[in-house]
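So the chains spell out like this:
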Amino acid sequence: MIGIGIESSCDETSVAIVEDGTILSNQIYSQIKEHTPYLGVVPEIASRSHLLKINELYDRAIAESGRDIASFDYVAVTTRPGLVGSLMIGAQLARCLHLVHGLPIVTVDHVEAHFYAGFLERRERPSYPFLGLLLSGGNSAVFRVEGPGRLIKLADTRDDALGEAFDKASNVLGLGYPGGPHIERAASQYAPAGKERFFPAILKDLPPDEISFSFSGIKTAVLLAAKRGEQKEKIAYHFQETAFDLVERMLLRALRRENVQHIEASGGVLANQTLRHRLDRFAEKHAISLKYPVSKALCTDNAAMVASLGQYLFEAGIRDPADFPVSSVRMA
Ligand code: KG4
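Cut-off values and rules
Residues numbered from 1 in each chain as written. Predicted model: local features only at pLDDT ≥ 70, side-chain atom pairs only at ≥ 80, totals over all residues. UniProt positions renumbered as here; feature names shortened; annotations may be inferred. Pairing = 2+ DSSP bridges. Helix = DSSP H or I, 4+ residues; strand = E, 2+ residues; numbered from the N terminus. Axes fitted to C-alpha atoms, helices over the stretch in contact; angles between N-to-C directions. Contact = placed C-beta atoms within 7 Å. Parallel < 35°, antiparallel > 145°, perpendicular 65-115°, else oblique. Left-handed = near helix turned anticlockwise from the far one by under 90°. Nonpolar A, V, L, I, M, F, W, Y, C, P; charged D, E, K, R; others polar. Near = placed C-beta within 6 Å. Domains from an automatic or database assignment. Buried ≥ 20, exposed ≤ 12 C-beta atoms within 10 Å, placed from the backbone. Bend = angle between axes of the 7 residues up to and from the residue.

In the nomenclature of an unreviewed UniProt entry, the protein is known as tRNA N6-adenosine threonylcarbamoyltransferase of Leptonema illini DSM 21528. Looking at the protein in UniProt, the text filed under Subcellular location (unreviewed entry) is "Cytoplasm". According to the UniProt record, the Catalytic activity (unreviewed entry) comment for the protein reads "L-threonylcarbamoyladenylate + adenosine(37) in tRNA = N(6)-L-threonylcarbamoyladenosine(37) in tRNA + AMP + H(+)".

Here you go:
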């Protein structure tokens, strides 16, 4: 089985080819530099950039795979959630491949696709159910995944996504965009004196039974600490620690409520080494299996995960009409 995946939901344009669970090509163009002057993704710039890049990425993916597009089994395309103008660019390429080469279309939920990146990298087929933890620039959520296309949301953010909070905290500290790598670097340069309590009230105020994320309090604490003139590295360190404490607490609540043996984590924030170590320790302590893509390219937005989920949906008999819609939100 061979399929092509297309991803254009936010600020990465990507086209990938996956054959029987093996990535033959995963072409990714990141627009980060184009958005850096604005400290965030500008939707109009994003769609124009997708339009300028997508044909080139398609040509490179086909060339690298060495396969003939006419022999492909399906085309999988991200259609939700995302920036509508951006999603439409990927959608048009999928429609072209359908009309010109007769490829069946499988539309894919971007959030769900993230949970298939790690399985693809490890060349494993997923066993259900499992918990999906997504921590990215646009989403911070926990899902129970019961099968391809079958997701139940257990936790969401009440305000910012974690990656977005990293970006805003970094901006407050004058460290640069995107914030994740800058905060991580600054945090690694700080050595706490024993068990320091820096943002103590934030986690104390959590509702006892709810599974949800909220990063706005930590963001405000960063702003106040910066105004007090605290050391940047110290603030960055405690921002990370407090945010990751919250992630672990919510994950534990979800784990206690659901009867699952495996957690699959993904999203841009999983590029963070401290988070990776903490999640490894969490898995050990609670005797569960917890995995994330080792390759950072597979943690962030990419089309290989779209092609992979597309394969499972295709096997389950999913075919979408050529006039499929795109949507800024997840659809049930
Ligand atoms: O999954 P992703 O590529 O896509 C979007 O949702 O757009 O995630 C991007 C996010 C950004 O907010 C970025 O600051 C964050 O992931 N990120 C990190 C790190 N590298 C990227 N956050 C924490 N630590 C990192 N090393």
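Colleague: Honestly, the sheet that holds strand β4 (residues 74–80) in this entry has me stumped. Any pointers?
Modeller: As summarised here, the arrangement of the 5 strands in space is β3-β2-β1-β4-β5, forming an open sheet in which the pairing is mixed. Taken across any chain shown, the strands that pair with only one partner, and hence form the sheet edges, are β3 (22–30) and β5 (105–109). Between one strand axis and the next, the sheet turns through 20° on average, direction left out of account. In terms of strand pairing, strand β1 (residues 2–7) meets β4 through 4 bridges, oriented parallel. Directly across from I4, in β4, lies its bridge partner V75. In the packing of helix α3 (residues 84–101) onto the sheet, contacts are made with β1, β4 and β5, and the angle to β4 comes to roughly 160°. Against the sheet, helix α4 (residues 110–122) engages β3, β4 and β5, with an angle of about 95° to β5.

Colleague: Explain the packing of helix α8 (residues 216–227) against helix α9 (residues 232–257) to me, please; I cannot follow it from the model alone.
Modeller: Helix-helix packing: each pair is described by the crossing angle between the helix axes and the interaxial distance. Where α8 contacts α9, the axes come no closer than 10 Å and their chain directions differ by 165°. Relative to α9, the element α8 lies roughly antiparallel. As α8 runs across α9, the sense of the crossing is right-handed. Together, I218, V222, A225 and A226 of α8 and I235, F239, T242 and A243 of α9 make up the contact between the two elements. Across the contact of α8 with α9, the residue classes tally to 7 nonpolar, 1 polar and no charged.

Colleague: Explain the UniProt feature "domain: Gcp-like" (unreviewed entry) in the protein to me, please; I cannot follow it from the model alone.
Modeller: Under the present numbering, the feature "domain: Gcp-like" (unreviewed entry) in UniProt falls on residues 22–307. The span residues 22–307 is 50% helix and 17% strand, and its two end C-alpha atoms sit 10 Å from each other.

Colleague: Looking at this structure, I do not really get the site of the ligand. What am I missing?
Modeller: Surveying the vicinity of the ligand reveals 21 residues, the closest of which are G137, G163, G180, G268 and N272. Of all the secondary structure elements, the ones that give two or more residues to the shell around the ligand are α5 (162–172) and α6 (179–188). In the shell around the ligand, the residues fall into 6 nonpolar, 10 polar and 5 charged. Domain assignment of the residues forming the shell around the ligand places at least three in each of domain 1 (2–122 + 298–315) and domain 2 (130–294).

Colleague: Before we go on, may I ask you to explain the environment of S30 in this structure?
Modeller: As for its position among the elements, S30 is in strand β3. Of the residues examined, S30 has 16 C-beta atoms within 10 Å and is grouped as partly exposed. The sequence separation of S30 and D301 amounts to 271 residues, and the corresponding C-alpha distance is 9.0 Å.

Colleague: What am I meant to see in the packing of α5 against α6 here?
Modeller: Two elements in contact, α5 and α6, have axes separated by 8 Å at closest approach and are oriented at 65°. As for how α5 packs across α6, the hand of that crossing is left-handed. Along its contact with α5, which presents G163, F166, D167, A169, S170 and N171, the element α6 presents G179, G180, H182 and I183. Residues belonging to the contact of α5 with α6 are distributed by class as follows: 3 nonpolar, 6 polar and 1 charged.

Colleague: Which parts of the structure should I look at to understand α4?
Modeller: Within an α-helix, residues lying three or four positions from one another point in the same direction, as the helix has 3.6 residues per turn. Of all the bends in α4, the greatest measures close to 30° and is centred on Y116. For α4, a buried count of 12 out of 13 residues is recorded, marking the element as mostly surrounded by other parts of the structure. Buried residues of α4: H110, V111, E112, A113, H114, F115, Y116, A117, G118, F119, L120 and E121, and no others. A positive phi of about 55° marks R123, the residue just after α4.

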